[in-house]
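Breakdown of the fold
What follows is each chain in one-letter form.
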Amino acid sequence: MNALISTALSGVVMMFAGLLIGNKQRIKFVAIVVLLICFAANLAELSTIQAGERTLYGMITVSHFSILFNAIALGATLIFFLLSGSAFEKVGEHVSDYFALIFFILAGITLASTFSSLLMLFLAIEIISIPQYILAGADKKTPKSSEASLKYFLMGAFSTGILLMGITLIYGATGTFNIGELALGAGKVNTLALCGIILMAFALSFKVSAAPFHFWTPDVYDGSPTVFTSFMATVVKAGGFIAFIRIFHSAFVGERLTADWQMLLAIITAATLIIGNFTAVFQQSVKRMLAYSSIAQAGFMLLAVISMNTYATQGIILYAAAYSVATIGIFAVMIKLKDFTFDGFNGLARTQPVLAITTTIFVCSLAGIPLTAGFFAKYFVLAAAIQQGNLLWLVITAVICAAISAYYYFRVIIAMYFKQGEVETEEITGGFKLMLIITAAIVILLGIFPGLLLQFV
């Protein structure tokens, strides 16, 4: 609750900051200070929780798990602000409004991790989505940005209708919105409720860009300002998955019912892994490759949704942290480059060795190479699927797709170290390099000692 209130108020504070502060660089530092206050307020709620969780008005349930996830989301956003906050000025004049919209998205994410009512789930998804439509079209100088915003809005509105229809059917079958009182797993599976679950699975699959609901992702990520794509592809996606896990692991449980939706999600997961990885192989733009890569990464995170065990809970937490930090890092490097194609990275190791080595660490983490956070993230979600049983075929598919992903990720490393070229970059400060090194160190630290994070699960 503290995180929800503080992030919502922070959004209002940032809106007024634009009126009171003329220097746009100072707005960034105000946003960082406000975010640190939100982080502290979130952790302070640990002292108020008794018996593992606290329910407020039957609408919100705060638990150790939700506080941990909120801490990861806020921490990843802090890294995002420190690395890429200065790039907001290049998008447009309304810098404080951009920060405000991001805080409102964070409010939606904190609600997605704590809802105990289907109505709160709907509000969380909408609070997350609507500011994204605005951010996607923030660059008024680029027609692609307006196109991305329109596509995202139209497709998002369509998926919202599907989500509402699913919630309506579940309410019709159970007579309640409270996820603790649905009792869908007791007795015979209700056909009306099952239809509602399927529609909710489709709607949430759209929000996390899972196949075959992924078609908006490449165009929206490619057309949106790069600095906002970084946030949309990481923290926002993780927020979608936490909502996915919360509703399916808390409400849609029961031996027969679980088997029904698990098979559906298993098929979606396989399609997501195959389409995301195979399509990424053929991309010539690193930004567009990362868009398809995010689809493939969604496939791995879906393994945690399907698997209802401790490994799944640990896996989604570690994956959210590893994927967010590494992707924010590589996007921060891309923002400094003027050419987003693979050729634009040619010779980067010779001209900017710090950027090259940190990018290598980020790319290796996304590929799941040992000694990086991405390795253990993939290990835990795969272990969760194995422990769940009857999903060996899906685990084999995931491992093959992980091997394929190494090809297009390593193309970036090959371009930086083994190809000649003159890389055009913007001014790169010592502070930016230091923050990149710290971000890369976090990736390696979690890759060697994942228990530093998992001990809090």
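Here goes a summary of the coordinates provided. Quantities reported herein were computed from a predicted structural model and do not represent experimental measurements.

1. Observations concerning the packing of helix H6 (residues 118–136) against helix H7 (residues 143–174)
Interaxial distance between H6 and H7 falls to 9 Å at its minimum, and their mutual angle equals 175°. Relative to H7, H6 is oriented roughly antiparallel. Residues Leu118, Phe122, Ile125, Glu126, Gln132, Tyr133 and Ala136 of H6 lie in contact with H7, whose contacting residues are Ser145, Ala148, Ser149, Tyr152, Phe153, Gly156, Ala157, Thr160, Leu163, Leu164, Ile167 and Ile170.

2. Regarding the pairing of strand S2 (residues 60–63)
Neither face of S2 is open: one carries Ile60 and Val62, the other Thr61 and Ser63, and all of them are buried. In terms of strand pairing, strand S1 (residues 53–56) meets S2 through 4 bridges, oriented antiparallel. Opposite Glu53, over in S2, you have Ser63 as the bridge partner.

3. What to know about the side chain of Ser117
Among the structural elements, Ser117 can be located in the loop between helix H5 (95–112) and H6. Classification of Ser117 as buried rests on a relative accessible area of 3%. A polar side-chain atom of Ser117 sits 3.2 Å from the main-chain amide nitrogen of Leu119. Look past the residues within four positions of Ser117 in its chain and what remains in contact with it is Gly58, Met59, Phe177 and Asn178.

4. Concerning a nonpolar patch on the surface
On the surface, Leu371, Ile444, Leu445, Ile448, Phe449 and Leu452 cluster together into a nonpolar patch covering about 540 Å² of accessible area. Among the elements that make up the nonpolar patch, the one with the highest residue count is helix H18 (residues 430–448) (3 residues). Mapped onto the elements, Ile444 comes out in helix H18. Look at Ile444 and you get partly exposed, because its relative accessible area is 32%.

5. Observations regarding helix H10 (residues 226–250)
One turn of the α-helix equals 3.6 residues, which is why residues spaced by three or four share an orientation. The terminal C-alpha atoms of H10 lie 36 Å apart, and with 25 residues this matches the ideal 36 Å at 1.5 Å per residue to within 8%. Among the 25 residues that make up H10, 24 are buried, leaving the element largely enclosed by the rest of the structure.

6. A short note on the packing of aromatic side chains
For the coordinates displayed, the defined rule picks out 26 aromatic pairs. When the centroid spacing of 6.4 Å and the interplanar angle of 25° are considered together, the rings of Phe241 and Phe244 count as stacked. With Phe241 and Phe244 both in helix H10 and 3 residues apart, this pair spans about one turn of that helix. Under the relative-accessibility criterion, Phe241 is labelled buried at 0%. Consider the rings of Phe248 and Trp261, whose centres lie 4.9 Å apart with planes at 75°: the pair is edge-to-face. A residue pair is termed long-range when its members are at least 10 positions apart, and Phe248 in helix H10 and Trp261 in helix H11 (residues 255–280) qualify at 13 residues. Residue Phe248 shares its accessibility class with Trp261, and that shared class is buried. An aromatic cluster is defined as three or more aromatic residues linked by ring pairs; in this entry it consists of Phe80, Phe81, Phe88, Tyr98, Phe99, Phe103, Phe228 and Phe231. Over the ring of Phe115 we find Arg246, and its NZ or CZ is 5.6 Å from the ring centre.

7. Description of the environment of Leu121
The topology assignment puts Leu121 in helix H6. For the pair Leu121 and Leu163, spaced 42 residues apart in sequence, the C-alpha to C-alpha distance is 9.7 Å. If we skip the residues at most four places from it in the chain, Leu121 touches Phe115, Met200, Ala243 and Ile247.

8. Concerning helix H12 (residues 286–306)
The end-to-end C-alpha distance of H12 is 30 Å, a good match for the 30 Å that 21 residues give at a rise of 1.5 Å each. Where burial is concerned, most of H12 is hidden: 20 out of the 21 residues are buried.

9. Section: unusual backbone geometry
Between Ala211 and the following residue, Pro212, the backbone shows a cis peptide bond with an omega angle of 0°. Positionally, Pro212 belongs in the loop between helix H8 (191–207) and helix H9 (216–223). One non-glycine residue, Tyr57, lies in the positive phi region at around 55°. Mapped onto the fold, Tyr57 is located in the loop between S1 and S2. One non-glycine residue, Leu371, lies in the positive phi region at around 75°. By the element assignment, Leu371 lies in the loop between helix H15 (353–367) and helix H16 (373–388). Residue classification places Leu371 among the exposed positions, given a relative accessible area of 57%.

10. Topic: the pattern of salt bridges
Following the criterion strictly, the structure yields 9 salt bridges and no others. Lys151 is the salt-bridge partner of Glu147, the closest N and O atoms lying 3.0 Å from each other. Residue Glu147 and its partner Lys151 are located together in helix H7, separated by 4 residues, close to a single helical turn. Judged by relative accessible area, Glu147 falls into the partly exposed class, the value being 40%. With relative accessibility at 29%, the residue Lys151 sits in the partly exposed group. Put simply, Asp219 and Arg288 hold a salt bridge, and the shortest N to O gap is 3.0 Å. Placement of Asp219 in helix H9 and of Arg288 in helix H12 is noted, with a sequence separation of 69 residues between them. The exposure class of Asp219 is partly exposed, given its relative accessible area of 28%. Residues participating in the shared-partner salt-bridge network are Lys144, Glu147, Lys151, Asp219, Asp222 and Arg288.

The rules behind these values
- Residues numbered from 1 in each chain as written.
- Predicted model: local features only at pLDDT ≥ 70, side-chain atom pairs only at ≥ 80, totals over all residues.
- Heavy atoms only, no water.
- Axes fitted to C-alpha atoms, helices over the stretch in contact; angles between N-to-C directions.
- Helix = DSSP H or I, 4+ residues; strand = E, 2+ residues; numbered from the N terminus.
- Parallel < 35°, antiparallel > 145°, perpendicular 65-115°, else oblique.
- Contact = heavy atoms within 4.5 Å.
- Buried < 20%, exposed > 50% of the residue type's maximum accessible area, 1.4 Å probe, protein only.
- Pairing = 2+ DSSP bridges.
- Polar contact = N/O pair within 3.5 Å; in protein donor to acceptor, adjacent residues only side chain to side chain.
- Patch = residues over 30% accessible without salt bridge, like charges linked within 9 Å, V, L, I, M, F, W, Y side chains within 5 Å.
- Areas by Shrake-Rupley, 256 points an atom, 1.4 Å probe, with all protein chains shown as cover.
- Salt bridge = Lys/Arg side-chain N within 4 Å of Asp/Glu carboxyl O.
- Expected span 1.5 Å × (residues − 1).
- Phe/Tyr/Trp six-rings, centres within 6.5 Å; stacked < 30°, edge-to-face > 60°.
- Lys NZ or Arg CZ within 6 Å of the ring centre and 35° of its normal.

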